[in-house]
Amino acid sequence: MNPKMKELRKKAMALPKTPGVYIMKNSKGEIIYIGKAKALKNRVSQYFGSQNNHPVKVRKMVENVDDFDVILTDSEFECLVLECSLIKQHSPKYNILLKDDKGYSYIKITKGEYPRISFTYRQDDENAEYLGPYLSSFSAKQSIDAARKIFFLPDCNKEFPRDISRKNRPCLNYHINQCMGVCAGKVSKEEYNEAFSSAVEFLKGGGKNVLEDLLRQMDEAAENLEFEKAAKIRDRINAVKRIKQKQKVYSNVIEQQDVFALAKDNKNICLMVLRFKDSRLFDSSDYIIENDGTEPETLRRELVLRYYQSGRVDIPKRITLDGEVEDRELLEQYLTSLRGKKCEITVPQRSEQLQIVQLCHENAAERLAQHSGKVGKDIQVLEELGKLLGLSKTPEIIESYDISHTAGSDTVGGMIVFKDGRPYKKGYRRFIVKEFANDDYASMNEVLTRRFNEYEKEKETGEGFGVLPDLILLDGGIGQVNAVKPVLESFGLDIPLFGMVKDSKHRTRAIASGGGEIAINSNKRVFSLVTSIQDEVHRFAISFHHQKHSKRSLSSRFTEIDGIGEAKAKAILKHFKTVGAVKNASVEQLKEVKGISEKNARSIFDYFNSENS
């Protein structure tokens, strides 16, 4: 707790209810946070009241505040402009800052017998030629990739002519017609350099006249009866056409726009920006920041502001977002002032624009997955599940439970864990129901009670039962949910709890909560995930039940033998594992079982020998 909290709150309560910017400082006088407020008194005093409802980042910031200053403004718009200017000037620790240290991009062209083209951020070779600088690394890389594919240039790390040998086996690129096979001596130095020169001309000229030049060269080669050369040029022409086909027009309606989307897990957030010009994707950027619990609407506002605050002069007419944004009208007004022309913010709900937003979100999820070592589609479906159920955070750890029995006998419970959208079998657990075996609801209550009793014992370890789930899914409907709710309440746990409802054909139909049912059929990915969880927990529980039931049947068979009760029958099965092993055992081997006397062993031996005969 900040020792100056009362003093700071008293100072905040004396502020006017007018627009302005507030500047938080630490004990060294360093600016650690800058914000704006429509009413300074209301906004600033919130920081120094109860900390329970604040995100983690705000609580940390408040702990370090020693003093604050304010600057009054005439309007909320002036307030926003001043806030952006001050943040750009001071780069405070607790403001969202999008760091982009990549700088300009270049295409490097080396010299020598076998020159190469590559992508770089620095001009560090005096003997090389550089094309650029490019503001977009995305477009520079795309251009290099296109040039290599059109002119069949190698993209490997081999050095020529050192690594050229007719004994070499060319790589896959050669066999799929994307490399001329220099390493295996498939082309002469002259042919390579001719193709390389054409590739450089393509990069310098942007490919506008490349088709006409290649067609002319092919015709000349054919007239001179150089049919092999003509065939190679024909292949290059076809490659140009394929590349042009891949440069898909994403929008027939919007020629220029920037599209923003967020993907998040419980640790990080990825902002992805896709930039479109002439209805085509021409650039992309992504930024990973810490997930501090900031609301998505506020987050989008901050991210959009910081993205254009870096001095970009190419702000488009339209900015498309994947969800609602805080201060939307004010943000539009500010971006319009930066652009010098009208700029509008849209949140598409259908048609082509929604598909573009989904494309951006998929890229954000994939980038976040790469950063965290997960799979992009798994992050996406967990986000969608969280939104569908109204969860405050993405459910990375999901526990699911099912009860299985035969007419009330051999009742067991199964607990499975899905981690990051995949089965986490290390977390699976089995329970033998001890008390209310004839009551499914009471059995579920008993299983969850025992699970969280184990949590109380192991929570300090942070492993096994000591880890709490982000979501609990029960195989069943509202009845199972209502049976388990009191368990969570008794342990003081606030874990989202839902049931998985099946139809008359035993197929997943909906998710049940205390207030009713939530249909999931319309979302294929969520439906598929929930179905796989329900099928897996059912399989796990019923397989344990069959195992237990089978052992009980075998045990009851042994109790038919004189002198053998339940305890001795279990000991025999535990020792020999199978009935076949017991049948083949000698009297001496049977006596090795704990609790089995020579008389018992002789009775068992005689029982199975007489049966066999």
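Here the structure is shown first, and the text comes after it.
These numbers come from a predicted model, not from an experiment.

Engineer: Tell me about the overall build of the protein, residues and numbers included.
Structural biologist: Per the secondary structure count, the protein includes 20 helices and 19 strands. Counting only C-alpha atoms, the protein reaches 100 × 85 × 50 Å along its principal axes. Relative to its 613 residues, the protein shows a buried fraction of 45%. Counted over contacts in the protein with a minimum sequence separation of 6, partners at least 24 positions apart contribute 60%. Split by element, the accessible area of the protein, about 32700 Å² in all, is 47% carbon and sulfur. Within the protein, one finds 98 positive and 88 negative side-chain charges whose respective centroids are separated by 1 Å.

Engineer: Lay out the sheet that holds strand S9 (residues 280-290) in plain terms, naming residues and giving numbers.
Structural biologist: Judged by pairing direction, the sheet is mixed, and its 5 strands sit side by side in the order S9-S8-S7-S10-S11 without closing on themselves. With partners counted over all chains shown, the strands left at the sheet margins are S9 and strand S11 (344-346), one partner each. Adjacent strand axes in the sheet meet at a mean angle of 20° when their direction is disregarded. Against the sheet, helix H10 (residues 296-309) engages strand S7 (257-264), strand S8 (268-277), S9 and strand S10 (318-321), with an angle of about 135° to S7.

Engineer: Give me the lowdown on unusual backbone geometry, citing residues and values where you can.
Structural biologist: With omega at 10°, the peptide bond leading from Phe-160 into Pro-161 counts as cis. Counting through the fold element by element, Pro-161 comes out in the loop between helix H5 (137-151) and helix H6 (172-175). Backbone geometry at Phe-152 places phi at a positive 55°, although glycine is not the residue there. Tracing the chain through its elements places Phe-152 in the loop between H5 and H6. Phi is positive for Ser-351, close to 65°, though the residue is something other than glycine. With respect to the helices, strands and loops of the structure, Ser-351 is situated in helix H12 (residues 351-372). Judged by relative accessible area, which is 51%, Ser-351 ranks as exposed.

Engineer: Quick one: what's the story with the packing of aromatic side chains, residue by residue and with numbers?
Structural biologist: A full pass over the atoms with the stated rule returns 17 aromatic pairs. Ring geometry for Tyr-114 versus Tyr-192: centroids 5.2 Å apart, planes at 50°, classification tilted. Note that Tyr-114 is positioned in the loop between strand S4 (105-109) and strand S5 (117-120) and Tyr-192 in helix H7 (residues 189-205), a separation of 78 residues in sequence. Like Tyr-114, the residue Tyr-192 is buried in the burial classification. Ring pairs connect the aromatic residues Tyr-22, Tyr-33, Tyr-47, Phe-48 and Phe-68, which therefore count as one cluster. Seen from the ring of Phe-119, Lys-141 lies directly overhead, with NZ or CZ sitting 4.8 Å from the centre. Positioned above the aromatic ring of Phe-465, the side-chain terminus of Arg-429 is 5.1 Å from the ring centre.

Engineer: Account for the packing of helix H1 (residues 5-13) against helix H2 (residues 40-47), naming residues and giving values.
Structural biologist: It is at 8 Å that the axes of H1 and H2 come closest, and there the two elements cross at 170°. What the angle tells us is that H1 and H2 run roughly antiparallel. Residue-level contacts link Met-5, Arg-9, Ala-12 and Met-13 of H1 to Lys-41, Val-44, Ser-45 and Tyr-47 of H2. Of the residues that constitute the contact of H1 with H2, the class distribution is 5 nonpolar, 1 polar and 2 charged.

Engineer: Explain the packing of helix H14 (residues 440-458) against helix H15 (residues 478-490) to me, using residue names and the numbers behind them.
Structural biologist: Following both chains from N to C, one finds H14 and H15 inclined at 30°, their axes separated by 9 Å at the closest point. Remark: the crossing between H14 and H15 carries right-handed chirality. On the side of H14, the interface is formed by Tyr-441, Met-444, Asn-445, Leu-448, Thr-449 and Phe-452, while H15 contributes Gly-479, Gln-480, Ala-483, Val-484, Val-487 and Leu-488. Tallied by class, residues from the contact of H14 with H15 come to 8 nonpolar, 4 polar and no charged.

Engineer: Please give an account of the pairing of S4 that cites residues and values.
Structural biologist: Here S4 lies mainly inside the structure; 5 of its 5 residues are buried. Taking every second residue as pointing to the same face, both faces of S4 are buried, with Ser-105, Ile-107 and Ile-109 on one and Tyr-106 and Lys-108 on the other. Pairing of S4 with strand S6 (residues 129-134) involves 4 bridges; the strand directions are antiparallel. Among the inter-strand pairings, Ile-109 is bridged to a residue of S6, identified as Glu-129. The pairing of S4 with S5 spans 4 bridges and is antiparallel. Paired with Tyr-106 across the two strands is Thr-120, which belongs to S5.

Engineer: Which residues make up the pattern of salt bridges, and what values go with them?
Structural biologist: Summed over the entire model, instances satisfying the criterion amount to 34 salt bridges. Between Lys-457 and Glu-454 there is a salt bridge, with the nearest N and O atoms lying 3.3 Å from each other. Placement of the pair is Lys-457 and Glu-454 together in helix H14, with a separation of 3 residues, close to one helical turn. On the basis of relative accessible area, Lys-457 is assigned to the exposed category, the value being 62%. In this structure Glu-454 comes out as partly exposed when scored by relative accessible area, which is 24%. In this structure, a network of salt bridges that share partners links the residues Lys-36, Glu-76, Glu-83, Arg-301, Glu-302, Arg-306 and Asp-327.

Engineer: Report on the environment of Asp-378, specifying residues and quantitative values.
Structural biologist: Within the secondary structure layout, Asp-378 lies in helix H13 (residues 376-389). When its relative accessible area of 8% is taken as the criterion, Asp-378 is described as buried. A sequence separation of 27 residues divides Asp-378 from His-405, and the C-alpha atoms of the two residues are 33 Å apart. A polar side-chain atom of Asp-378 sits 2.8 Å from a polar atom in the side chain of Arg-422.

Engineer: Tell me about the sheet that holds S6, and please be specific about residues and values.
Structural biologist: In spatial order, the strands read S5-S4-S6; together these 3 strands make up an open sheet with antiparallel pairing. The sheet is open, and its two edges are formed by S5 and S6, each paired on a single side. In this sheet, adjacent strand axes meet at a mean angle of 20° when their direction is disregarded.

Engineer: Outline the environment of Ile-319, listing residues and values.
Structural biologist: Among the secondary structure elements, Ile-319 is positioned in strand S10. The class of Ile-319 is buried, set by a relative accessible area of 0%. Residues in contact with Ile-319, not counting those within four places in the same chain, are Asp-258, Phe-260, Tyr-308, Leu-335, Cys-343, Glu-344, Ile-345 and Thr-346.

Engineer: Please provide a residue-by-residue account of the side chain of Glu-399, values included.
Structural biologist: Position of Glu-399 relative to the elements: it lies in strand S12 (residues 397-406). A polar contact is formed between the side chain of Glu-399 and the side chain of Tyr-401, at a distance of 2.6 Å. With sequence-adjacent residues up to four places away left out, Glu-399 is seen in contact with Met-415, Ile-416, Val-417, Arg-451, Val-467, Pro-469, Leu-471, Ile-472 and Leu-473.

Here is what the cut-offs are and how they apply
Residue numbers here run from 1 along each chain, matching the order of that chain's written sequence. Local features in this predicted model are restricted to residues of pLDDT 70 or higher, and side-chain atom pairs are both shown and tallied only at a pLDDT of 80 or more, whereas totals for entire chains, interfaces and linings draw on every residue. For side-chain calculations, the full set of non-hydrogen atoms in the structure is used, while hydrogens and water are omitted. Runs of E in the DSSP output that reach at least two residues are strands. Runs of H or I that reach at least four are helices, and both are numbered from the N terminus. For every residue, the accessible area obtained with a 1.4 Å probe (protein chains only) is divided by the maximum for its type, and the residue is called buried under 20%, exposed over 50%, and partly exposed between those limits. Note on contacts: a residue pair is in contact if any heavy atoms of the two residues lie within 4.5 Å. Calculation of accessible area relied on Shrake-Rupley with a 1.4 Å probe; when residues are assessed, cover is drawn exclusively from the protein chains displayed. Neither His nor the chain ends is counted toward charge; the positive residues are Lys and Arg and the negative residues Asp and Glu. Think of each charge as sitting on NZ of Lys, CZ of Arg, CG of Asp or CD of Glu. Whether two strands pair comes down to DSSP finding at least two bridges between them. Only the stretch in contact is used when fitting a helix axis, every axis being a line fitted to C-alpha atoms; angles between N-to-C directions are given from 0 to 180 degrees. Any two rings among Phe, Tyr and Trp, with Trp reduced to its six-membered ring, count as a pair given centres within 6.5 Å; such a pair is stacked if its planes are under 30 degrees apart, edge-to-face if over 60, and tilted if neither. The rule is short: NZ of Lys or CZ of Arg within 6 Å of the ring centre and within 35 degrees of the ring normal puts a charge over the ring. Under this scheme an angle from 65 to 115 degrees is roughly perpendicular, one under 35 degrees roughly parallel, and one over 145 degrees roughly antiparallel; angles in between are oblique. In the scheme used here, Gly and all other residues not listed as nonpolar or charged are polar, with Ala, Val, Leu, Ile, Met, Phe, Trp, Tyr, Cys and Pro taken as nonpolar and Asp, Glu, Lys and Arg as charged. Should the near helix be turned anticlockwise from the far one by less than a right angle, the crossing is termed left-handed; should it be turned clockwise, right-handed. When a carboxyl oxygen of Asp or Glu lies within 4 Å of a side-chain nitrogen of Lys or Arg, that pair is called a salt bridge. For the purposes of these results, a polar contact is taken to be a pair of N or O atoms within 3.5 Å, where, inside protein, one atom must be able to donate a hydrogen and its partner to accept one; residues adjacent in sequence count only when each atom of the pair is a side-chain atom.

Functional significance is not addressed by these values, which are geometric in nature.
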